[in-house]
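Architecture at a glance
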Amino acid sequence: MSPLVEVRDLVKHFPITKGIVFQRRVGAVQAVDGVSFDIEPGETLGIVGETGCGKSTTARLIMRLLEPTSGRVSFEGEDITHLKGSRLKAVRREMQMIFQDPYSSLNPRKTIGSIIGEPFAIHGLEKGEGERKRAVQELMETVGLNPEHYNRYPHEFSGGQRQRIGVARALALKPKLLIADEPVSALDVSIQAQVLNLLRDLQREFGLTVVFIAHDLSVVRHMCDRVAVMYLGKIVEIGPGDALYGFPRHPYTGALLSAVPVADPSHHGQARRLLSGDVPSPANPPSACRFHTRCPKAQELCSTREPLLEEMDSGTRAACHFPLTREEVGEIGVRSAG
Amino acid sequence: MSIGGAEVLPSGGGGLEFLDMGGDIAAQSPLQLFWRRFRQDRVALASGGFIIFLIVLAIAAPLVVKGLGLPSPYTENPNLTDSFGSPLGPTAAHPFGVDQLGEDVMSRVIYGTRVSLEVGILGTGIAAVIGVVLGLIAGFYRGWVDTLLSRFTDVVLSIPILVLGLGIGAACAVRGCLKGSIQPGLGEILFIIALANWTYMYRIVRGLVLSLREREFVDASRALGASDARIMFREILPNLVAPIIVYSSLLIPSNILLEAALSFLGVGVRPPTASWGQMIASATPIFNTAWWYMAFPGIALLLTVLAFNLLGDGLQDALNPRTTR
């Protein structure tokens, strides 16, 4: 089966400028720097990483909300990187996005009915007044909202309900691809599970392909078939969830998994590998392997030659010259039971 | 309250039950919320009432004048001036007195409402439309479009508007300017007012758009396939309604004053058409003997400007409840 989305060598640099009237470029934030992966139809791909590692930028590049500096995004075999006008509008029917902040992603001056009905209005679907209202109320029911709240405004809803509104809007056009950009990180923990389960149910019901972006590893484990780990604008490890969580090969993946809290008091005191230092500035990333400044296994080679993503015998692909061994994974306390 | 009670009660079926919680609480549109707050502001409410009265007065001016038994504002009556040519003061037949030509001042003040409101509302409307559209474009597209428009605005803002008004008045006095698109009289004044005032609206709108365009609902709309125009006018503009209304209601009185000033200086509305500013101007030389000729149009101007300013303040408070005075 051919992949639904192909991302190749995607690069996004945000220029840093100085000066007010005459701006000159003094550098660039390398938000995404050469990312390649495929998204298979029907799967859920998780993208994890720390704040600022380029997860959201990647999502916005796929959605064409940002223009890539270079690289290519294909959707169903068609290069969409430079589409414009009506061609782009046609592709946008096929892919939708759920946003992180349920408060700023809904227009405060519009009713829920017109927010969820907006995709119909834009694409000229469900033209009749009654027809559109019925379609919107059906969607509201699908995501667990009371259809009678059709004429209410966003401020009258809670965070979880607002996120459901966002989901309904994204599903209105029956897209093939749904990108969820940290859809639950702004919600209460008690509400998170509801929204996550809703997303899972909808994925099954509509046969959606989902890209799920998060910084919470256990949420990603719960949701995703495949997981990509990003660090400073690059994918450091990508592979099936079980393989990646059970036997992480990149030291960064290992460190992330080691930091996941475990709700079991008997695990108290077990060794953890915690990283020291902060994430380097993406405006001036370290040479070669970007992780070498914080990596416990770093050697001279790491700062001179960039590791490429390579197939590991454990089932994932990792970009590391000195991948973790099984003993090391045991030492740092990664619990494959997770 | 019933909401508090609902939370305490054990809900059997899990979280989804809560979604129905607000079922019996009536939904409130922003308009209803605004009205509920505005209703409590007596001063603004009275100002609004006075402005509605003025609008009715302006529309129905001929009827009102006739109903009060006053002569039309253009009826000159030499019998109403004394042997030195000084006009007579207020009497039962002419409550506001008459002017040098024997025209009834009250009737002229009533007709003057028409000019003031027309200039105030129409001039502000034109200025607001220009400012809002250009502000939306500049704030939305940023970059060189913004730079160009903003520098142009700076240039317009540095024009001394009264001097320009006098210049245009002199140049367009006879046949109009720009192939007749600027006619002497009202057209001239509207042109000057629109030119002078769109810049303020532009700056406010541009600033707000710069921040609004970064909100995620703009991205959401774009992801759905919305065009730039749709995002600007259907997504961003509704969020600007409150500041635009507030700012317009504060621009109206300053435009009424500008019209009065221009008419006072002899630009724009010309006799015999009645305008408050022009009446005050022609009352100046005889103020010592005929105070009423200046006093009544002056009071009308003062009350109108005051009412619009107070209404603007009231709208500001009711539309932006978070700001405190």
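Bear in mind that the values here come from a model prediction, so they are computed numbers and not experimental data. (Residues numbered from 1 in each chain as written. Chains lettered and ligands numbered in written order. Predicted model: local features only at pLDDT ≥ 70, side-chain atom pairs only at ≥ 80, totals over all residues. Heavy atoms only, no water.)

So, the overall build of chain A
Looking only at helices and strands, chain A features 11 helices and 12 strands. For chain A, buried positions account for 54% of its 338 residues. The contacts of chain A with a sequence gap of at least 6 include a subset with a gap of at least 24, amounting to 65%. As displayed, chain A has an accessible area near 14,900 Å², and 49% of this comes from carbon and sulfur atoms. (Helix = DSSP H or I, 4+ residues; strand = E, 2+ residues; numbered from the N terminus. Buried < 20%, exposed > 50% of the residue type's maximum accessible area, 1.4 Å probe, protein only. Contact = heavy atoms within 4.5 Å. Areas by Shrake-Rupley, 256 points an atom, 1.4 Å probe, with all protein chains shown as cover.)

Here we look at the sheet that holds strand β4 (residues 70-75) of chain A
Residue and element names in this part refer to chain A. Spatial strand order, β2-β1-β4-β5: 4 strands in an open sheet with antiparallel pairing. Bordering the open sheet on either side are β2 (24-39) and β5 (78-79), each of which pairs with just one other strand. Across 5 bridges, the pairing between strand β1 (residues 5-18) and β4 is antiparallel. When the sheet's bridge partners are listed, Val5 is paired in β4 with Phe75. (Pairing = 2+ DSSP bridges.)

Observations concerning the packing of aromatic side chains
Scanning the entire structure with this criterion turns up 12 aromatic pairs over all chains. Between the aromatic rings of Phe34 of chain B and Phe38 of chain B, the centroid separation amounts to 5.4 Å while the plane-to-plane angle is 25°, which identifies the pairing as stacked. Here Phe34 of chain B and its partner Phe38 of chain B are both found in helix α2 (residues 30-38), 4 residues apart, which amounts to about one turn of the helix. Phe34 of chain B gets classed as buried once you look at its relative accessible area, which sits at 15%. Measuring from ring centre to ring centre gives 5.8 Å for Trp291 of chain B and Trp292 of chain B, while their planes differ by 80°; the resulting arrangement is edge-to-face. By relative accessible area, which is 6% here, Trp292 of chain B ends up buried. Feature note: the residues Phe96, Trp291, Trp292 and Phe296 of chain B constitute an aromatic cluster, connected by ring pairs. Sitting above the plane of the Tyr150 of chain A ring, Lys133 of chain A keeps its charged end 5.0 Å from the centroid. One Lys or Arg, Arg213 of chain B, reaches over the ring of Phe140 of chain B and ends 5.4 Å from the middle of that ring. (Phe/Tyr/Trp six-rings, centres within 6.5 Å; stacked < 30°, edge-to-face > 60°. Lys NZ or Arg CZ within 6 Å of the ring centre and 35° of its normal.)

Some words on the interface of chain B and chain A
Between chain B and chain A, the residue contacts involve 28 residues of the former and 35 residues of the latter. Summed over both partners, the interface of chain B with chain A comes to about 2,700 Å²; 52% of that surface belongs to carbon and sulfur atoms. Linking chain B with chain A are 4 salt bridges. In this structure, Glu216 of chain B engages Arg60 of chain A in a salt bridge whose closest nitrogen and oxygen atoms are separated by 3.4 Å. Summed over the shared surface of chain B and chain A, the number is 12 residue pairs in polar contact (both at pLDDT 80 or more). At the level of secondary structure, the elements contributing two or more residues to the side of chain B that touches chain A comprise α2, α9 (216-223) and α10 (228-236) of chain B. Split into classes, the residues belonging to the side of chain B that touches chain A amount to 12 nonpolar, 8 polar and 8 charged. (Buried area = accessible area lost by both parts, 1.4 Å probe. Salt bridge = Lys/Arg side-chain N within 4 Å of Asp/Glu carboxyl O. Polar contact = N/O pair within 3.5 Å; in protein donor to acceptor, adjacent residues only side chain to side chain. Nonpolar A, V, L, I, M, F, W, Y, C, P; charged D, E, K, R; others polar.)

Observations concerning the sheet that holds strand β6 (residues 95-98) of chain A
Residue and element names in this part refer to chain A. If you trace the 8 strands from one edge of the open sheet to the other, you get β6-β7-β8-β3-β9-β10-β12-β11, paired in mixed fashion. Two strands in the sheet have a free side with no partner beyond their single neighbour: β6 and β11 (310-311). Across the sheet, helix α5 (residues 159-171) lies against β6 and β7 (177-181), angled at about 175° from β6, the strand it touches most. Strands β3 (44-48), β6, β7 and β8 (209-214) of the sheet are contacted by helix α6 (residues 189-206), whose axis makes an angle of about 160° with β8. (Axes fitted to C-alpha atoms, helices over the stretch in contact; angles between N-to-C directions.)

Here's the deal with the pairing of β4 of chain A
All names here are of chain A. Where β4 and β5 come together, 2 bridges link them in antiparallel fashion. Paired with Phe75 across the strands is Glu78, a residue of β5. Here β4 folds back onto β5, and the loop between the two strands holds 2 residues, one of which, Glu76, carries a positive phi near 50°.

Considering the environment of Pro280 of chain A
Residue and element names in this part refer to chain A. For Pro280, the location among the structural elements is in the loop between α9 (251-258) and α10 (300-304). Separated by 14 residues in sequence, Pro280 and Arg294 have C-alpha atoms that sit 9.2 Å apart. Setting aside residues up to four positions removed in sequence, Pro280 forms contacts with Tyr231, Leu232, Pro286, Thr293 and Arg294.

Description of a negative patch on the surface
Residues and elements named next belong to chain A. Together, Glu126, Glu131, Glu138 and Glu141 make up a region of like negative charge exposed at the surface. Turning to its location among the elements, Glu138 is positioned in helix α4 (residues 129-142). Here Glu138 falls in the exposed class, since its relative accessible area comes to 55%. (Patch = residues over 30% accessible without salt bridge, like charges linked within 9 Å, V, L, I, M, F, W, Y side chains within 5 Å. Lys, Arg positive; Asp, Glu negative; His and termini not counted. Charge placed at Lys NZ, Arg CZ, Asp CG, Glu CD.)

What is shown is where atoms sit, not what they do.
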